[in-house]
Amino acid sequence: MKKVLLLATGGTIACTHSEEGLTPGMSGDGILELLPELREGFAIESRDILNLDSSNIQPEEWQRIAEKVAELIEEGWAEGVILTHGTDTMAYTASALSFMLENIPLPVVLTGSQLPLTDPLSDGLENIRTALAMAASGHSGVFVAFNRQILLGTRAVKVRTTNFQAFESVNVKPVGWIDSRGLNIREGLLPKADGPFQLRSQLCKEVVLIKLIPG
């Protein structure tokens, strides 16, 4: 039985209705309670590390997430990690984690949804199912799972705000996809480890943005 840990950070997938509109309010355990069938055939636990709209996630949160994943690797229980995350900055977090978790020995799969899990039309269930399939696959790396596709963390970009096909893979095909045969993987696109796992959570803050325009 594959052991998978769900790390919850908030986002639309965990939103509930409040007087201020939709706000992240569902815990990781709350997500799993809505999806009891996911426990069939898997040992799944959850932990909450953030409860934020992804537009509020900054490099400091990337560091916290990376350090938590490193702790899980040291504990040695989980064979894969699902990270639920808001869609607005999911691609940025995935890319950052791809470099901060160097030579990661297990799959870390980011996913979320365009509609909250509590919405009857939500895409969240299928996205979590896709993420679970990848997290239990044994293929190491950082990935984004969305709309039955698996994208490399360094190649994912959000291109649509309302369509369930919210993410595309830049200049390379998706590394995997779900169809009637189950999970399919393009193994030649998987990241290759070239040494032991290293956590590189320190980020340089001395960054300048220079914009160039004609004229």
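A.B. asks: Could you clarify how one ought to interpret the overall build of the protein chain in this entry?
C.D. replies: Across its full length, the protein chain carries four helices and 14 strands. Taken against the 2.2 N^0.38 rule, which gives 17 Å for 215 residues, the C-alpha radius of gyration of the protein chain at 17 Å falls within 12% of a compact globule. Taking the principal axes of the C-alpha coordinates as reference, the protein chain spans close to 55 × 45 × 35 Å. For the protein chain, the residues scored as buried account for 47% of the 215 residues in total. For the protein chain, the proportion of contacts with a sequence separation of at least 24, taken over those separated by at least 6, is 69%. As displayed, the protein chain has an accessible area near 11100 Å², and 51% of this comes from carbon and sulfur atoms. Distance from the positive charge centre (18 side chains) to the negative charge centre (26 side chains) of the protein chain: 8 Å.

A.B. asks: Please clarify how the pattern of salt bridges should be interpreted in this entry.
C.D. replies: Taken as a whole, this structure holds ten salt bridges when the rule is applied. Among the ionic pairs, E71 bridges to K68, the shortest N-O distance being 3.3 Å. Here E71 pairs with K68, and both are found in helix α2 (residues 59-75), just three residues apart, close to one helical turn. In this structure E71 comes out as partly exposed when scored by relative accessible area, which is 38%. For R200, the salt bridge identified is with E102, shortest N-O distance 2.4 Å. Of this pair, R200 sits in the segment after β14 (198-199) while E102 sits in strand β6 (residues 101-102), and the two are 98 residues apart along the sequence. Residues joined by salt bridges that share partners form a network here, namely E37, E126, R129 and R148.

A.B. asks: In this structure, what is going on with the environment of I73? I would like to understand it.
C.D. replies: Looking at the element boundaries, I73 is found in helix α2. Considered as a pair, I73 and F197 are 124 residues apart in the sequence and their alpha carbons are 9.3 Å apart. In this structure, I73 is in contact with I104, P105, L106 and F197, ignoring residues within four places of it in sequence.

A.B. asks: Quick question: what am I supposed to make of α2 here?
C.D. replies: Working note: α-helix, 3.6 residues per turn, so residues spaced by three or four point in the same direction. In this model, α2 (17 residues) spans 24 Å end to end at C-alpha, consistent with the 24 Å of a helix rising 1.5 Å per residue. The complete set of buried residues in α2 reads E61, W62, Q63, I65, A66, V69, A70, L72 and I73. Where α2 ends, the next residue or the one after it, G76, has phi of about 80°, a positive value.

A.B. asks: Looking at this structure, how should I read the side chain of T9?
C.D. replies: By the element assignment, T9 lies in strand β1 (residues 2-10). Judged by relative accessible area, which is 0%, T9 ranks as buried. Of the polar contacts made by the side chain of T9, one reaches the backbone oxygen of T84; its length is 2.6 Å. Each residue touching T9, except ones within four places of it in the same chain, is listed here: I49, L50, N51, L52, I57, I65, L83, T84 and H85.

The rules we used
- Residues numbered from 1 in each chain as written.
- Predicted model: local features only at pLDDT ≥ 70, side-chain atom pairs only at ≥ 80, totals over all residues.
- Heavy atoms only, no water.
- Helix = DSSP H or I, 4+ residues; strand = E, 2+ residues; numbered from the N terminus.
- Rg over C-alpha atoms; globule rule 2.2 N^0.38 Å.
- Buried < 20%, exposed > 50% of the residue type's maximum accessible area, 1.4 Å probe, protein only.
- Contact = heavy atoms within 4.5 Å.
- Areas by Shrake-Rupley, 256 points an atom, 1.4 Å probe, with all protein chains shown as cover.
- Lys, Arg positive; Asp, Glu negative; His and termini not counted.
- Charge placed at Lys NZ, Arg CZ, Asp CG, Glu CD.
- Salt bridge = Lys/Arg side-chain N within 4 Å of Asp/Glu carboxyl O.
- Expected span 1.5 Å × (residues − 1).
- Polar contact = N/O pair within 3.5 Å; in protein donor to acceptor, adjacent residues only side chain to side chain.

In short, shape yes, function no, at least from these values alone.
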